[in-house]
Amino acid sequence: MITVNRIGKHLGAEISGVDLSKPLADDTFAQVAKAFFDNEVAFFRHQKLTPEQQVAFTRRFGVLEQHVRKESRLKDHPEILIISNLLDENGNAIGSQDAGRFWHSDLSYKKEPSMLSALYSLEVPVKDGRVLGDTSFASTTAAYEALPAETKQRIDGLKNVHSYRFYRSKNIEAQKQEQARGGRVIQEHVLTDDQLKSVPDVETPIVRTHPVTKRKGLFVNEAHTSHIVGVSPEESERLLSELYAHVIKPEFVYTHHWQPGDLLMWDNAAVQHKATFDYDLPLRRLMHRTTVRGTAAV
Ligand code: SIN
C-alpha cells in the first residue's frame, strides 16, 4: 500500500511505501502512476537504484529518450543523462553542467515532447548544514486555470515556436555573462550539424491539453520558446513576459530540497522546472535523469 503526501498547494507529493529497485506489481504501479499524474511532481526518498533499475522503472511509463547531448549520456546506458558539476581525471565535464538554467519543460522543442522526467540524486551539495542545488517546479495547469478570462481568450488558438537553436544561443550568452561576472566556467560541447538537424524547430499551441488528465496548461517556456506565431515581435515579447511571470508566481511553485537517494519525477506536460546554481566544486552534485517520450502537444 503506498502513501501519498501532498506538499505544495497545487503540485508536489511524496510517495512512500515503495522500493523502486524491485519491479512493482501492476496494481502498485497503477497507484504510483495515478499519484504522479494527480500531483504533477512526485518523489520517493531513500531509494538505492542502479542505472538498470532506474531505466526499468521509468520504462514502465513508455519509451525512453536519448538526449541530443550524447557526450552527457551515461556510458552503457544512453537513456541516462548525467547532470553534474563533476569533472573526470582529465578535467573534462562528466555530465551536463548547466541543465535547467532557465524555466523549461524537458525536450519541449521536440515534435513529441517528453511526457515525464525522473531525476535520481546520487550526490547533493551541502554547505554549513544547508542543502544547495534545489530544483523548482511550477504548475502550468494551475497557472492556466488562474488566468483572467481575457488572457485565456487572447491566447486561445495562438501557437509558439519551441527551438533548440534558440535555447543554445541563449544559454551560451548566459554562460558568457556568468563567466564575465567571475562565476562558473561551463564546458560547452559543440553540437554537430547532424545533432542540430535532429532537433528542428516545432510549432505548438500555447494552451495545451494534457494527454492524460485533460487539464489545460500553458506550453510556453523561457528556455525554448523563440516567439509567438502571427503577432508582432513586440507583442510576442510582451505576451510571453506576462505568461512567464504568471506561471512562476509563488502559489504555483514547489521547490524540492534534495537528499541523496531521492527519485523525483515531474510531468513535462503540466509543469516547468528550473535548477538553482548556488554551489560549485568542491561541493559535488551528481544526478541521473531518464526521460519518457510523450505525444505531440495539442
Ligand atoms: C533539469 O533541468 O532536468 C535538471 C534540473 C536540476 O538539475 O536541478
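Scroll up to find the structure this text is about.
Bear in mind that the values here come from a model prediction, so they are computed numbers and not experimental data. (Residues numbered from 1 in each chain as written. Predicted model: local features only at pLDDT ≥ 70, side-chain atom pairs only at ≥ 80, totals over all residues. Heavy atoms only, no water.)

A.B. asks: Describe in detail the overall build of the protein, supporting the description with residues and values.
C.D. replies: The number of helices and strands found in the protein is 7 helices and 18 strands. Summarising its shape, the C-alpha atoms of the protein cover approximately 50 × 50 × 40 Å along the three principal directions. Roughly 13500 Å² of accessible area belongs to the protein as shown, and the carbon and sulfur atoms make up 53% of that amount. When the 38 positive and 39 negative side-chain charges of the protein are each reduced to one mean point, those points stand 1 Å apart. (Helix = DSSP H or I, 4+ residues; strand = E, 2+ residues; numbered from the N terminus. Areas by Shrake-Rupley, 256 points an atom, 1.4 Å probe, with all protein chains shown as cover. Lys, Arg positive; Asp, Glu negative; His and termini not counted. Charge placed at Lys NZ, Arg CZ, Asp CG, Glu CD.)

A.B. asks: Tell me about the site of the ligand, and please be specific about residues and values.
C.D. replies: Taken together, Ile83, Ala99, Gly100, His104, Asp106, Thr135, Trp266, His273, Ala275, Arg285 and Arg289 make up all the residues around the ligand. Within the side chain of Thr135, an N or O atom sits 2.6 Å from an oxygen atom of the ligand. Note that an oxygen atom of the ligand is positioned 3.0 Å from one of the side-chain N or O atoms of His273. For the shell around the ligand, a count of residues per class yields 4 nonpolar, 4 polar and 3 charged. (Near = heavy atom within 4 Å. Polar contact = N/O pair within 3.5 Å; in protein donor to acceptor, adjacent residues only side chain to side chain. Nonpolar A, V, L, I, M, F, W, Y, C, P; charged D, E, K, R; others polar.)

A.B. asks: An account of the side chain of Asp98 is needed here, citing residue identities and associated values.
C.D. replies: Structurally, Asp98 can be placed in the loop between strand S5 (77-84) and strand S6 (114-123). A distance of 2.8 Å separates the side chain of Asp98 from the side chain of Gln175, its partner in a polar contact.

A.B. asks: Residue-level account of the nonpolar core, with values.
C.D. replies: Buried together is how nonpolar side chains tend to be arranged in soluble globular proteins. Core analysis: the largest hydrophobic core is formed by 30 residues, its most contacted members being Phe44, Phe57, Phe61, Leu263 and Met265. Considering every element that reaches this core, the biggest residue donor is helix H1 (residues 26-39), with 6 residues. Those residues in contact with Phe57, other than ones at most four positions away along the chain, are Leu20, Leu24, Phe29, Val32, Phe44, Leu263 and Met265. The next biggest cluster of nonpolar side chains, apart from the first, holds 19 residues, and it includes Leu158, Ile206, Val207 and Leu239. (Core = buried A, V, L, I, M, F, W, Y, C linked by side-chain atoms within 4.5 Å. Buried < 20%, exposed > 50% of the residue type's maximum accessible area, 1.4 Å probe, protein only. Contact = heavy atoms within 4.5 Å.)

A.B. asks: Please provide a residue-by-residue account of the sheet that holds strand S17 (residues 271-275), values included.
C.D. replies: Strand order across the open sheet formed by 3 strands is S15-S9-S17, with antiparallel pairing between neighbours. Two strands bound the open sheet, and with one partner strand each, they are strand S15 (253-256) and S17. Strand-to-strand twist across the sheet, computed as the mean angle between neighbouring axes with direction ignored, equals 20°. Of the strand pairs in this sheet, strand S9 (residues 135-139) and S17 are connected by 5 bridges, and their pairing is antiparallel. Across the sheet, residue Ser139 finds its bridge partner in S17, namely Val271. (Pairing = 2+ DSSP bridges. Axes fitted to C-alpha atoms, helices over the stretch in contact; angles between N-to-C directions.)

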